[in-house]
Amino acid sequence: MRNTSRRMNASLVVAAASGLFIVSLITRVEGQGAFFDPTGSMNTPRTQHTAQLLLDGHVLIIGGSQIIDGDAHFLGSTELYDPGTRTFSLLSGTLSTPRSQHVAALLQDGRVLIADGYANGFLTTAELYDPTTDSFSPAGKTHCPGERQTATLLPNGKVLIIGGYNGNFVWGCDTEIGDLYDPTTGTFTPTGGSGVPQRNNHTATLLQDEIVLIAGGRADVGHAWNSAALYDPSSGIATPTGSMSQARISHEATLLQDGRVLITGGRQGDGSGHWPVLASAELYDPATGTFSPTGDMTMPRSLHQATLLDTGEVLISGGETSEDNTFTATGELYDPITGSFSPITATMSNGRRNHTATKVLNGDVLIAGGDYNVGTQPAPPTPLLPWNVAASADLFTSRLPSPDLLVSALSAATGASPTLSLTDTTRNQGGAAAAASTTKFYLSADGTLDGGDTLLGGRGIPGLAAAASSAGSSSVTVPGATAPGAYYVIAKADADNVVTEIAEGNNTKASRSLILRPDLTVRSLSPPSTAAAGATISVTDTTKNQGWAAAGLSGTNLYVSSDAKLDAGDVFLGTRGIAGLNAAATSAGATSVTIPAGAAPGTYYILAKADGGNVIQETVEKNNIRKSSAVSVGPDLTVFSLSAPSSAVKGATVSVTDTIKNQGGGAAGVSTTRIYLSTDKTLDGDDVLVGSRGVPGLAPGASSSGAASVAIPASTATGTFYLIAKADGDDAVVEAKENNNVKVKSITVSP
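All values reported here derive from a predicted model rather than from experimental measurement.

1. Looking at the sheet that holds strand β17 (residues 159-162)
Two strands in a sheet stick together by hydrogen bonds in their backbones, pointing the same way (parallel) or opposite ways (antiparallel). Read from one edge of the open sheet, four strands run β16-β17-β18-β19, paired in antiparallel fashion. Each having just a single partner strand, β16 (150-153) and β19 (187-191) make up the two edges of the open sheet. Direction aside, the axes of adjacent strands within the sheet are offset by 25° on average. In this sheet, strand β18 (residues 178-182) lies alongside β17 in antiparallel orientation, the contact comprising four bridges. Residue pairing in the sheet places I162 in a bridge with G178 of β18.

Okay, structure coming up:
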């Protein structure tokens, strides 16, 4: 049952000590459209695990621990949650080292960094998950080992890992606050200096100005910090900032849409031996560097989760509510406009702490695993602790009574140059129907939509009911003059702003990075079919840029080869300069080249290599070479025509006329045409020489015709025979081709 008491919040300006905050429009009937909904359970119960939203919209569940017969067992298994089917599936890839209380961060290239944690000892190792191969690989060791750290992805692509605990209240770092992981080098380096105390069970929040706020945490066996610090990635130094009004550990920090940070709950450590759970909350203002109280939560909470919703509200879920390990199944919402918390009437499937809460692409929040009190779910046969570990999961849905369009999935792939194949899913995650709209696609160099991005095209989206989606594919053309480099396709739902939405700042989604480069290839190559050694010939080629980006100046190199494979034995003939080519553009032209004077008669090939100087970085570097059809170098004698009587008596003499042609590219010397009588059409050693004719030297393309007197041997049997004429019958002329010298004519021999 949902709460129906009314609370109306409109878009307004909130005054603060630092100036003015513009706050997103929120219009909600209290509790309406805000509820918990059980979803599929994980395959393995988990607590102190991590959950990471991947670029494709799935949620990666990593490691953790579970309790079996009262003992902790540490997990190396991983699962993937599919928001479309609302199910979990175990992955084949597992952690190389089982771990719990570790940290995880999504890198800009889509991989996930997992570091440190605990598994029967404090860990110093790290590993990387690659979603394209579903595999884990080592990623080095940290300098600040332990558990209960924080991991923050910085705008420069590096990951800041802060603090940690490695036993007996010894911190992971002696002089620095933590480690900085660089994915380009795969290394960890100490960072932060020594001006800020070490801590664990703290929070780290990336502010809008790209500075990291570090707040609270455990100081020693009985105390918590109320201090806070700011880490500047540009200098690698952490410096103190204003202190919280309350020392806290195991609290939550949430960056609000207006740039302030909400601090909620946690435990207070005052050295008395008690760690009371807190209901208080406060706000950090980065403009003034100070904390100030805000409304209290409806109940104390520690080891809970706080998640910023698309509405601008903050979802508070679960947590422990007292020192006696009582966990709650309730949730509440923080309204940044009124500075107050209100309960959600619906509850989760069980009370939880040490769970994960991950906002998925449609704005829902996946809440998974954690500890739960025995009695709220079936307990193990002989529990030794007052809690057990959950496999259950809930989805929190917050749909306001207005449409809210967003792109929930987007993939881009290079198709036939210069087109990109796009697949997107546009979803209405709001609580009311959306009219028809258009999702448009832009090419961006930085993944952020701005005026410098190029419109590629769009896809019409029909009217969508609340929670409905439209999936489709589009083919768009990359502008031909696009410079080589890394690009993103950005899809923007309701790009023409025809739908009035509850949230207008969540309409865009960027694809994974696409590397767009030129790709030069020789599409056609036409030399003459014959040539002479030392002769100059004209070779015509067409060079095309079949890639997805413009190519600069290059040259197409020409070679002569005896085997059609470019290697060190081939002779360079010349280069045709190619002007810069846009994507899909071609350049055609002829080049005069000279066949080497020492080339022996035979069959050769002209090879053309695009980007012959290897000056262009291309998408594909192995498709630049094209071979021509065969080029005959030297003379090539052939029997162009052959005529003789169709019959003759044995012992008679007949006249046989032939035309010999030099169809090669080089001059042929004097030769002899010989005529044989054969029982078949193949010239071999059994055939009888019956006549010959001398042939003068022939220039390329020249012919010689003449007659020879041929005597049919008297001993010849009667029947069908064949006269075979062979040009250059003595093989005196070295020719380009030696297998095309014969021609056959049938003759009937009678008594």
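We are not done yet, so read on.
2. A closer look at the pattern of salt bridges
The tally for this structure, following the rule as stated, stands at 19 salt bridges. When the shortest N-O distance is used, the salt bridge between D658 and R693 registers 2.9 Å. Of this pair, D658 sits in strand β56 (residues 653-662) while R693 is found in strand β58 (residues 688-695), placing the two residues 35 residues apart along the sequence. Of the two residues, D658 and R693, neither departs from the other in class, the shared state being buried. Several salt bridges share partner residues, and in doing so they unite R267, E320, R353 and D371 into one network.

3. Focus on the confidence of the model for the protein chain
Summing up the model confidence of the protein chain, the mean pLDDT is 90 and the portion of residues at 70 or higher is 93%. Of the regions scoring below 50 in pLDDT, residues 1-32 engages in 84 contacts with residues more than four places distant in sequence or in other chains. Taken as a whole, residues 376-384 scores under 50 in pLDDT and shows 10 contacts with residues more than four places along the chain or in a different chain.

4. Regarding the packing of aromatic side chains
According to the stated counting rule, one finds 10 aromatic pairs in the structure shown. A ring pair is formed by F122 and Y165, whose centres lie 5.7 Å apart and whose planes are at 85°; its orientation type is edge-to-face. Of the two residues, F122 is situated in the loop between β13 (112-115) and β14 (125-130) and Y165 in the loop between β17 and β18; the sequence distance between them amounts to 43 residues. Relative accessible area serves as the criterion here: at 12%, Y165 is assigned to the buried category. A ring pair is formed by Y559 and F572, whose centres lie 5.6 Å apart and whose planes are at 65°; its orientation type is edge-to-face. Of the two residues, Y559 is situated in strand β48 (residues 554-561) and F572 in strand β49 (residues 571-578); the sequence distance between them amounts to 13 residues. Taken together, the aromatic side chains of F74, Y118, F122 and Y165 make up a single cluster linked through ring pairs. For the cation-ring pair, K627 lies above Y605, with the distance from its terminal atom to the ring centre recorded as 5.4 Å.

5. Observations concerning the sheet that holds strand β59 (residues 703-711)
In space, the three strands of this open sheet follow the order β54-β56-β59, with antiparallel pairing throughout. Looking at strand neighbours, the two that pair on one side only are β54 (637-643) and β59, the edges of this open sheet. If you compare each strand with its neighbour and ignore which way they point, the axes differ by 30° on average. Sheet topology places β56 next to β59; nine bridges connect them, and they run antiparallel. Bridge pairing in β59 links I660 to S704.

6. Some points on the environment of P403
Along the polypeptide, P403 turns up in the loop between β36 (393-398) and β37 (405-414). Residue P403 is classed as buried on the basis of its relative accessible area, which comes to 11%. Beyond its immediate sequence surroundings of up to four residues, P403 is in contact with N428, G430, A432, A433, A434, V499, T500, E501 and I502.

Quick notes on the rules
- Residues numbered from 1 in each chain as written.
- Predicted model: local features only at pLDDT ≥ 70, side-chain atom pairs only at ≥ 80, totals over all residues.
- Heavy atoms only, no water.
- Pairing = 2+ DSSP bridges.
- Helix = DSSP H or I, 4+ residues; strand = E, 2+ residues; numbered from the N terminus.
- Axes fitted to C-alpha atoms, helices over the stretch in contact; angles between N-to-C directions.
- Salt bridge = Lys/Arg side-chain N within 4 Å of Asp/Glu carboxyl O.
- Buried < 20%, exposed > 50% of the residue type's maximum accessible area, 1.4 Å probe, protein only.
- pLDDT = per-residue confidence, 0-100.
- Contact = heavy atoms within 4.5 Å.
- Phe/Tyr/Trp six-rings, centres within 6.5 Å; stacked < 30°, edge-to-face > 60°.
- Lys NZ or Arg CZ within 6 Å of the ring centre and 35° of its normal.

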